[in-house]
Amino acid sequence: MILEPVSAPPLTYADILPPGAARSPEDHLLIAGCDTVELARSYGTPLYVYDENCLRKACGEFKTAFAKRYPETDIVYAGKAYMGVALLRLLAEQGLGLDVVSGGELAIAMAAGFPAERIFFHGNNKSRGELEEALTAGVGHIVIDNFLEIRLLEEIALARSLRQPALIRISPGVDPHTHVKTTTGITDTKFGFTLEGGQALEAVRQVLATPSIELAGFHFHLGSPVFSTTPYTEAIGVAAKFAGEVKDQYGFEGSRFSPGGGFAIRYTEEDEPPTIDEYAESITAALRADWAGRGLALPRLSVEPGRAIVGRAGVALYTVGAEKQVTGLRRYVSVDGGMTDNIRPALYDSRYVALLANRTGQNEQVVTIAGKFCESGDILIRDASIDDPVAGDVLAVPASGAYGLAMASNYNSATRPAVVFVRDGEARLVRRRETYDDLLSLEVAGTGEV
């Protein structure tokens, strides 16, 4: 049964938590009707909890926002944000495509039964083995990133008597004004063919001259998270100019185009990302205008939301442990997770908020939420405003659904967290917690194995 938040305390961060989150009469945080304190007791912490209805809602919002403005649009989930069998099955049911960037991601997609024809295989240094796996699986499109890849794909497809559809990734030279480590569409980046000096045009020439590759169109990705629509409209104009040059020089018009993803979400109360409708309006209006201005036929559009599908749906739960007071400077409160399950604050200076899942109160404190691992940089939230936490409390960090688990590690031989999906008051374990046996399972020393 769904717990009704009757006469319950008010909820903080309602616009950052999954929609419908609430406080129970016992003052516990509820996600999709499930008591997060009970989830922490049942499954342990750190624990990642995903609201299935929030996931479905995000899928529906993207499909609706783009379909009403540009019906020939595919919503392609960026699997690097977070990937698991249960999630991919849900996304497949919602009619989404999938963007993978490695053989491992492709293997998970195949295990989930994801339709291969809806998969786009990205990556700046795909190996021969990965390309062979992709063609064996029957992926819909390869996104070509470099000249070596053209030669490899040509050889592999030719040996299989295939004509593999592909997109060429270009670098439009547009700065999306996000973190330098997540900026991917400027000229000085490892990704894609640069426009300057004719590199991208040469890539087009080589692909068009390759009978085993079918050039479908062009792709770019600016970075993530992008908190403005302006970089998309600017980069689409650059891509249209390039597509016009390709038409003039080679008589080729692409049937597909993708401006990537990178759509932002709200992590803190200060964040003001565009709405999905605003992203859709800017992208589709620019595409129509710029393609028409170059005399180009409108292509099929694909967009690649990742964070914007899973970010808000995920809430990380931790148990509070030790604390340290540095007189006159700072109070550190440590939890049983940290940079091994969410490296974003250490890597990108990313900001989050936090609240206690097991109670609220009137004694708000400013504390620094620290992880348990052996790095001074293992800080989840610096200067968090939160009701006075004590050992044993359950701490909830909203908007944790993207890039935490995806970049999780076994640093300090930590075991990676369990994952639970919740819906209509019911919880299901979709990924168990790693064990010490899992950590040792790859060790072969002394066994005679090689």
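Residues numbered from 1 in each chain as written. Predicted model: local features only at pLDDT ≥ 70, side-chain atom pairs only at ≥ 80, totals over all residues. Heavy atoms only, no water.

Chemist: Looking at this model, I keep getting lost on the overall build of the protein. Mind explaining?
Modeler: Scanning the protein for helices and strands turns up 12 helices and 21 strands. Seen through its principal axes, the protein has C-alpha atoms that stretch 70 × 60 × 45 Å. Per-residue burial for the protein yields a buried fraction of 55% across its 450 residues. At a minimum sequence separation of 6, the contacts of the protein that also span at least 24 residues come to 69%. Total accessible area on the protein is roughly 18800 Å²; 50% of this is exposed by carbon and sulfur atoms. Of note, the protein has its 42 positive side-chain charges centred 2 Å away from the centre of its 58 negative side-chain charges. (Helix = DSSP H or I, 4+ residues; strand = E, 2+ residues; numbered from the N terminus. Buried < 20%, exposed > 50% of the residue type's maximum accessible area, 1.4 Å probe, protein only. Contact = heavy atoms within 4.5 Å. Areas by Shrake-Rupley, 256 points an atom, 1.4 Å probe, with all protein chains shown as cover. Lys, Arg positive; Asp, Glu negative; His and termini not counted. Charge placed at Lys NZ, Arg CZ, Asp CG, Glu CD.)

Chemist: Help me understand the pattern of salt bridges, please; the structure alone is not making it clear to me.
Modeler: Pairing between side chains of opposite charge can happen when their charged atoms approach one another. Considering all chains together, one arrives at 26 salt bridges under this definition. Between Lys68 and Asp277 there is a salt bridge; the shortest N-O distance is 3.6 Å. With Lys68 in the loop between α2 (52–67) and β5 (73–78) and Asp277 in helix α9 (residues 276–293), this residue pair connects regions lying 209 residues apart in the sequence. Residue classification places Lys68 among the exposed positions, given a relative accessible area of 57%. Residue Asp277 is classed as partly exposed on the basis of its relative accessible area of 32%. With a shortest N-O distance of 2.7 Å, Glu155 and Arg128 are connected by a salt bridge. Remark: Arg128 occurs in helix α5 (residues 128–137) and Glu155 occurs in helix α6 (residues 147–159); sequence separation between them is 27 residues. (Salt bridge = Lys/Arg side-chain N within 4 Å of Asp/Glu carboxyl O.)

Chemist: What exactly am I supposed to notice about the side chain of Asn146 here?
Modeler: In this structure, Asn146 sits in the loop between β8 (141–144) and α6. There is a polar contact of 2.7 Å between the side chain of Asn146 and the backbone nitrogen of Glu149. Beyond its immediate chain neighbours, meaning those up to four positions away, Asn146 contacts Asn124, Asn125 and Phe193. (Polar contact = N/O pair within 3.5 Å; in protein donor to acceptor, adjacent residues only side chain to side chain.)

Chemist: In this structure, what is going on with helix α1 (residues 36–43)? I would like to understand it.
Modeler: The periodicity of an α-helix, 3.6 residues per turn, causes residues three or four places apart in sequence to face the same way. Among the residues of α1, those classed as buried are Thr36, Val37, Leu39 and Ala40. Looking straight down α1, one finds its buried side chains confined to an arc of 160 degrees; they lie on one side. Exposed residues pointing more than 90 degrees away from the buried face of α1 are listed as Arg41 and Ser42. Its side-chain oxygen at 2.8 Å from the backbone nitrogen of Val37, Asp35 defines the N-terminal cap of α1. Once α1 finishes, Gly44 follows within two positions and takes phi at roughly 80 degrees, a positive value. (Arc of directions from axis to C-beta.)

Chemist: Help me out: how do you make sense of the packing of α2 against helix α3 (residues 85–93) in this one?
Modeler: In helix packing, the relevant descriptors are the interaxial angle and the interaxial distance, both defined with respect to the helix axes. Relative orientation of the contacting elements α2 and α3 amounts to 40 degrees, with a least axis distance of 10 Å. Judged on the interaxial angle alone, α3 and α2 are oblique. Handedness of the crossing formed by α2 with α3: right-handed. Side by side, α2 and α3 meet where Glu52, Leu55, Arg56 and Cys59 of the first sit next to Leu87, Leu90, Leu91 and Glu93 of the second. (Axes fitted to C-alpha atoms, helices over the stretch in contact; angles between N-to-C directions. Parallel < 35°, antiparallel > 145°, perpendicular 65-115°, else oblique. Left-handed = near helix turned anticlockwise from the far one by under 90°.)

Chemist: Just checking my understanding: could you explain the packing of helix α4 (residues 103–111) against α5 for this structure?
Modeler: It is the contact of α4 with α5, at a shortest axis distance of 10 Å, that shows an interaxial angle of 20 degrees. The orientation of α4 relative to α5 falls into the category roughly parallel. By crossing handedness, the relation of α4 to α5 is classed as left-handed. Taken together, the residues of α5 that come into contact with α4 (itself represented by Gly103, Leu106 and Met110) are Glu130, Glu133, Ala134 and Ala137.

Chemist: Hey, could you run me through α3 in this one?
Modeler: All of the buried residues along α3 are Ala86, Leu87, Leu88, Leu90, Leu91 and Ala92. Among the residues trailing α3, Gly95 stands out with phi positive, at a value near 85 degrees.

Chemist: Would you take a moment to explain the environment of Ser385 for this structure?
Modeler: Tracing the backbone shows Ser385 in strand β18 (residues 379–387). For the pair Ser385 and Val101, spaced 284 residues apart in sequence, the C-alpha to C-alpha distance is 37 Å. Sequence-distant contacts of Ser385, that is, excluding residues within four places in its chain, are made with Tyr13, Ala354, Glu364, Gln365 and Val366.

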